Amino acid sequence: LVSVSQIAALDNGKGVTPPMGWRSWNLYGGGVNQTLIENIMKGITSRKRLVDGKPTSLCDLGYCDVGLDDNWQRCGRYGEEGYTYHDGGGNPVVEPTKFPDFIAMTNTAHKLNLTAGWYLRS
């Protein structure tokens, strides 16, 4: 018995490899902060490692995404609805003692040619 199927796919260069990057949870858990994440970004783009005798970063190898998991949000009750992690307008509330300049941290990622994302509780 032989079965023949045709599979259609976009040839746009995306999805050639699985998502590759680094996430904060397994290393830092709840102890994460902006300085630690920015240092990870620098480490991922550092060319201190040699691959075939050539200085190479993890990003050169395709690991160019830095993900910030939980514990960047400020816990509390906000707005009339009493949202736990969002203000009354539905916007996430950043914990400023751990992440004093969230936008600058994201800009650091982009300046290093990394993508950055973060876990968002609903």
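Structure: see above.
Figured I'd write up the structure that's included with this text. (Residues numbered from 1 in each chain as written. Predicted model: local features only at pLDDT ≥ 70, side-chain atom pairs only at ≥ 80, totals over all residues. Heavy atoms only, no water.)

Considering the pattern of salt bridges
Logical step 1: This model, assessed by the stated rule, comprises three salt bridges.
Logical step 2: One salt bridge in this structure joins Arg74 and Glu95, with 3.6 Å as the shortest N-O distance. Pair noted here: Arg74 is in the loop between β4 (65-68) and α3 (102-111) and Glu95 is in the loop between β4 and α3, with a separation of 21 residues, a long-range link.
Logical step 3: Judged by its relative accessible area of 33%, Arg74 is partly exposed.
Logical step 4: Judged by its relative accessible area of 15%, Glu95 falls in the buried class. (Salt bridge = Lys/Arg side-chain N within 4 Å of Asp/Glu carboxyl O. Helix = DSSP H or I, 4+ residues; strand = E, 2+ residues; numbered from the N terminus. Buried < 20%, exposed > 50% of the residue type's maximum accessible area, 1.4 Å probe, protein only.)

Some thoughts on the pairing of β4
Logical step 1: Two strands pair when backbone bridges link them, and strand β1 (residues 21-23) and β4 are joined in this way by three bridges, in the parallel orientation. Its bridge partner lying in β4, Trp22 is registered against Val66.
Logical step 2: Of the pairings in the sheet, the one linking β4 to strand β5 (residues 115-118) comprises four bridges and is parallel in character. Across the sheet, the residue bridging to Gly67 is Gly117, located in β5. (Pairing = 2+ DSSP bridges.)

A short note on the sheet that holds β1
Logical step 1: With parallel pairing, the three strands of this open sheet are ordered in space as β1-β4-β5. Each of the sheet's edge strands pairs with one partner strand only, and the pair in question is β1 and β5. If you compare each strand with its neighbour and ignore which way they point, the axes differ by 15 degrees on average. (Axes fitted to C-alpha atoms, helices over the stretch in contact; angles between N-to-C directions.)

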